[in-house]
Amino acid sequence: MSISEAKQLSEPLIVTVRSVAGPSIVDEFQLRNTEFGAITSAFLFCYGVGHLVVGPVIDRIGTRRAFNLAVVAWSIAGILHASGRGFWSFLGFRSVLGLFEAANFPAAVKGIAEWFPRNERSMAVGILTAGPGLGALLAPPLLGGLILYAGWQWAFIVPGLA
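Quick summary incoming for the structure in this document. It should be emphasised that the depicted structure is a prediction, and the values quoted were computed from it without experimental measurement.

1. Side note on the overall build of the protein
Phase 1: A count of helical and extended segments in the protein gives seven helices and zero strands.
Phase 2: Reading the protein from its N terminus to its C terminus gives the helix and strand order α-α-α-α-α-α-α.
Phase 3: Relative to its length of 162 residues, the protein is compact, with a C-alpha radius of gyration of 16 Å against a globular reference of 15 Å.
Phase 4: Projected onto the principal axes, the alpha-carbon positions of the protein cover approximately 50 × 30 × 20 Å.
Phase 5: Expressed as a percentage of its 162 residues, the buried residues of the protein come to 44%.
Phase 6: Put simply, 78% of the contacts in the protein that link residues at least 6 apart link residues at least 24 apart.
Phase 7: Counting every atom, the protein has about 8600 Å² of accessible surface; 69% of that belongs to carbon and sulfur.
Phase 8: The average position of the 11 basic charges and that of the 9 acidic charges among the side chains of the protein differ by 6 Å.

Here it is in structure tokens:
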């Protein structure tokens, strides 16, 4: 399994951990529903804007380099959530995560176009798009167990290191 394939499986873990760890974080930091909603919205806004920005960056610096930089950046952003101490830190970490994670699919699809023969591209895209679905299916029970045994912080650290 290549690094990009592994990250396709682990990427939903980093996104899903917010939902699974959310109740623990809300309780510990006494976040209001509106604050938790704003944190979620910040991620989605930055993820959406990021999609508009990353295409030209990928084209300029190259697919492999852009994807590798994005993987490192979104992994670090995910891990940093473990040091979150309240609304503003989580808002910032989720925003950064959204910006860098937005490079995932554009870089992966461009990589498929560049690195796979034409007659193998549909299968490659199928594998690519299966990763997030499988990750989202596996994430809740795995992360829930991790939270129960090690604490919510580890639910951000482990996927970031995967």
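So much for the structure itself; the text now carries on.
2. Details of the nonpolar core
Phase 1: Membership of the largest hydrophobic core comes to 18 residues, with the highest contact counts inside it found for Ala21, Ile25, Leu31 and Trp152.
Phase 2: Mapped onto this core, the elements with two or more residues apiece are helix H1 (3-29), helix H2 (33-61), helix H4 (87-101), helix H6 (121-150) and helix H7 (154-161).
Phase 3: The element contributing the most residues to this core is H1, with five residues.
Phase 4: With 14 residues, the next largest nonpolar core counts Ile58, Ala66, Leu97 and Ala107 among its residues.

3. Digging into the packing of H2 against helix H5 (residues 104-115)
Phase 1: Contact geometry of H2 with H5 gives a least axis separation of 8 Å together with a crossing angle of 35 degrees. Between H2, through Tyr47, His51, Val54, Ile58 and Asp59, and H5, the contact on the second element is made entirely by Phe105, Pro106, Ala107 and Lys110.
Phase 2: A per-class count over the contact of H2 with H5 returns six nonpolar, one polar and two charged.

4. Digging into a nonpolar patch on the surface
Phase 1: On the surface, Phe45, Val49, Leu52, Val53, Val57, Ile61, Leu69, Val96, Leu99 and Phe100 cluster together to form a nonpolar patch covering roughly 860 Å² of accessible area.
Phase 2: Breaking the nonpolar patch down by element, the ones donating at least two residues are H2 and H4.
Phase 3: Mapped onto the secondary structure, Phe100 falls in helix H4.
Phase 4: Taking relative accessible area as the criterion, Phe100 reaches 37% and is therefore assigned partly exposed.

Reading guide: rules and limits
- Residues numbered from 1 in each chain as written.
- Predicted model: local features only at pLDDT ≥ 70, side-chain atom pairs only at ≥ 80, totals over all residues.
- Heavy atoms only, no water.
- Helix = DSSP H or I, 4+ residues; strand = E, 2+ residues; numbered from the N terminus.
- Rg over C-alpha atoms; globule rule 2.2 N^0.38 Å.
- Buried < 20%, exposed > 50% of the residue type's maximum accessible area, 1.4 Å probe, protein only.
- Contact = heavy atoms within 4.5 Å.
- Areas by Shrake-Rupley, 256 points an atom, 1.4 Å probe, with all protein chains shown as cover.
- Lys, Arg positive; Asp, Glu negative; His and termini not counted.
- Charge placed at Lys NZ, Arg CZ, Asp CG, Glu CD.
- Core = buried A, V, L, I, M, F, W, Y, C linked by side-chain atoms within 4.5 Å.
- Axes fitted to C-alpha atoms, helices over the stretch in contact; angles between N-to-C directions.
- Nonpolar A, V, L, I, M, F, W, Y, C, P; charged D, E, K, R; others polar.
- Patch = residues over 30% accessible without salt bridge, like charges linked within 9 Å, V, L, I, M, F, W, Y side chains within 5 Å.
- Salt bridge = Lys/Arg side-chain N within 4 Å of Asp/Glu carboxyl O.

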